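# Survey of secondary and tertiary structure
Each chain, letter by letter, is given below.
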Amino acid sequence: MDKKIEIFDTTLRDGEQVPGCKLNTSEKIEIALQLELLGVDIIEAGFPVSSPGDFQSVMEIGKALSTPVVCALSRAVKKDIEIAAQALKTARRPRIHTGIGTSDVHIRYKFNSTPEKIMERAVQAVKYAKSFVEEVEFYAEDAGRTDNEFLAHICQEVIKSGASVLNIPDTTGYCLPEEYGEKIRYLKENVDGIHKAVISTHCHNDLGMASANSLAGVINGAQQVECTINGLGERAGNTALEEIVMIFRQHRSLGFYTAIKPELLCPTSWLISECTKMPVQANKAIVGANAFAHSSGIHQDGLIKKRETYEIISPEEVGMKGSSIILTARSGRSALAYRCQKIGYSLSKKHLDTLYPIFLEYADQKKEILDKDLITILKTTNFASLTNLQTHGKQSI
Ligand code: KIV
Ligand code: ZN
């Protein structure tokens, strides 16, 4: 039977950490409601101790949402946990996400501490969080570079203390997919009581492997993926929600599914981009402006004959209007004929042969030939009947 993978969206917390992405409370509520519509299972609404504004946003999001779990971040610090618990008072399904750095470099340089003391802080933080809410998620920051044996030990102790979700972040985006997958498998096989907890991935994209690492984690037993819309997040960002969801949909034989409504992926991406003022790169997988745009003649010809030759996803499935054939100097005759047809002109082979070299001359001077340029080109070819026929819808010249 297929396995449901929980989608934990951290656009409003890790995503909002991007310089210049600051969102106000009403924007955060609008985004949270859209994420709820999208079908996200858990929404990390913020880090309440960080500012009064963030505290307020977590409270308001808790009030506004009915279905998803609302999660608040805290360090393994008493005051953080108390404030997270207070901010979550309005939430129907509250979760505290608490944790601490577990790699040697974090223990030694960030905390000037020892593994034993870090273990003790982790256990105390989980116990304290558990005194406020039923659901406690523990994060082992920099788990990607943490020794597996120590990681397994700390996971075991926090499960005993009440954590029901274990977040294994590749905080610095360092791991290779096999290495990250192996880490998750190691925890599955070596942590007593692991069946009582859900393992979560949280992968950063410093080497462009965030989605691949999350997938490796799931294949090896993780049941929750932490991600953001458009892959927003610290430095190079987090796993992009739209990518991991579409990987599961495209590779159904893997046996994973999510509750995400794919047709809302692009509209959600546009909303986040607008609110955060962060443009989405044109070649971004799934939601980029060029994700379904075809510009080389060979690809255009194939696509016109059969969409599946060059598209593995139909644009409508993810809420994009449709594929586009971009006319450039690399386009061939079939793309030119197709685009002329789209604006109402059905060209004979003879006319196409005459028009094509003229089109190429124009295209060599312009980056892209738009519909209005196409009309100009058609007119300059001096087909006597053109102007008349233009007023009658679908034309033949
Ligand atoms: O990347 C990370 O380790 C984090 C934790 C705070 C969960 O964002
Ligand atoms: Zn992170």
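Residues numbered from 1 in each chain as written. Chains lettered and ligands numbered in written order. Predicted model: local features only at pLDDT ≥ 70, side-chain atom pairs only at ≥ 80, totals over all residues. Heavy atoms only, no water.

### Let's talk about the nonpolar core
Heads up, the rule is: Nine residue types can take part in a nonpolar core, namely buried Ala, Val, Leu, Ile, Met, Phe, Trp, Tyr and Cys, and a core is a set of them joined through side-chain atoms within 4.5 Å. Working definition: with a 1.4 Å probe on protein chains only, accessible area under 20% of the residue-type maximum means buried, over 50% means exposed, and in between means partly exposed. The helix count covers DSSP runs of H or I at least four residues long, the strand count covers runs of E at least two residues long, and both are numbered beginning at the N terminus. Domain start and stop positions are those given by an automatic or database domain assignment. Contact definition: two residues touch when any of their heavy atoms are within 4.5 Å.
Counting residues in each nonpolar core, the largest one holds 86 residues, and the members touching the most others are Ile 7, Phe 138, Ile 168, Leu 241 and Val 318. When residues of this core are assigned to their parent elements, the largest contribution, 7 residues, is made by helix α6 (residues 148–160). Each of domain 1 (3–276) and domain 2 (293–396) gives at least three residues to this core. Contact partners of Phe 138, with chain neighbours within four places excluded, come to Thr 98, Gly 99, Ile 100, Ala 122, Val 126, Ile 154, Val 158, Ala 163, Val 165, Leu 166 and Asn 167. Core analysis: the next-biggest nonpolar cluster, separate from the first, contains 18 residues, Leu 327, Ala 329, Cys 340 and Leu 352 among them.

### Points about the coordination of the zinc ion (ligand 2)
To keep it simple, the criterion reads: Listed donors are limited to N, O and S atoms within 2.8 Å of the metal, widened to 3.2 Å for Na, K and Ca; water is not among them, so incomplete-looking sites are possible.
Ligation of the zinc ion (ligand 2) by protein atoms is provided by Asp 14 (OD), His 202 (NE2) and His 204 (NE2), these donors lying 2.0 to 2.1 Å from the ion. Each donor residue of the zinc ion (ligand 2) belongs to the same chain, and together they define the spacing D-x187-H-x1-H. You can see Asp 14 sitting in the loop between β2 (6–9) and α1 (25–38) and its partner His 202 sitting in strand β8 (residues 198–203), a full 188 residues away along the chain. The exposure class of His 202 is buried, given its relative accessible area of 4%.

### With respect to the sheet that holds strand β4 (residues 69–75)
As a reminder, the rule being used: Between any two strands, at least two bridges found by DSSP are needed for them to pair. Interaxial angle, 0 to 180 degrees, is taken between N-to-C directions of lines fitted to C-alpha atoms, where a helix line uses only the stretch in contact.
Here we have 8 strands rolled up into a closed barrel, ordered β2-β3-β4-β5-β6-β7-β8-β9, and parallel in their pairing. Neighbouring strand axes in the sheet, compared pairwise and without regard to direction, differ in orientation by 25 degrees on average. Here strand β7 (residues 165–170) runs beside β8; their pairing, made up of 6 bridges, is parallel. Looking across to β8, one finds that Pro 169 is bridged to His 202.

### Some points on the packing of aromatic side chains
We apply this condition: Note on aromatic pairs: the rings of Phe, Tyr and Trp (six-membered ring only in Trp) are paired at centre separations within 6.5 Å, and the planes decide the class, stacked below 30 degrees, edge-to-face beyond 60, tilted for the rest. Placement of a positive charge over a ring is assigned whenever Lys NZ or Arg CZ falls within 6 Å of the ring centre and within 35 degrees of the normal to the ring plane.
For the structure shown, the criterion picks out 3 aromatic pairs. Each ring, one from Tyr 128 and one from Phe 132, has its centre 5.1 Å from the other, and the planes form 80 degrees; the classification is edge-to-face. Residue placement shows Lys 78 over the ring face of Tyr 128; its charged tip is 5.0 Å from the ring centre.

### A closer look at the domain arrangement of the protein
Rules: Here the quantity called buried area is the total loss of accessible area, with a 1.4 Å probe, experienced by two parts when brought into contact, counted for both.
Each assigned domain of the protein is listed here: domain 1 (3–276) and domain 2 (293–396). With centres defined by C-alpha atoms, the gap from domain 1 to domain 2 works out at 46 Å. With 9 residues of domain 1 at the interface, the matching set in domain 2 holds 7 residues. Here domain 1 and domain 2 share an interface that buries about 630 Å² over both sides, 58% of which is from carbon and sulfur atoms.

### Structural notes on the pairing of β8
Test applied: Crossover handedness is defined here as right-handed if the route from the first strand over the helix to the second strand goes clockwise, with the strands pointing away from the viewer.
Burial analysis of β8 places 5 of its 6 residues in the buried class, the great majority of the element. Traced from β7 through helix α7 (residues 177–190) to β8, the parallel crossover comes out right-handed. When β8 meets strand β9 (residues 224–227), the two strands line up parallel, connected through 3 bridges. Considered in β9, the bridge of Thr 201 is made with Val 225. With respect to chirality, the unit in which β8 leads through helix α8 (residues 210–219) into the neighbouring parallel β9 is right-handed.

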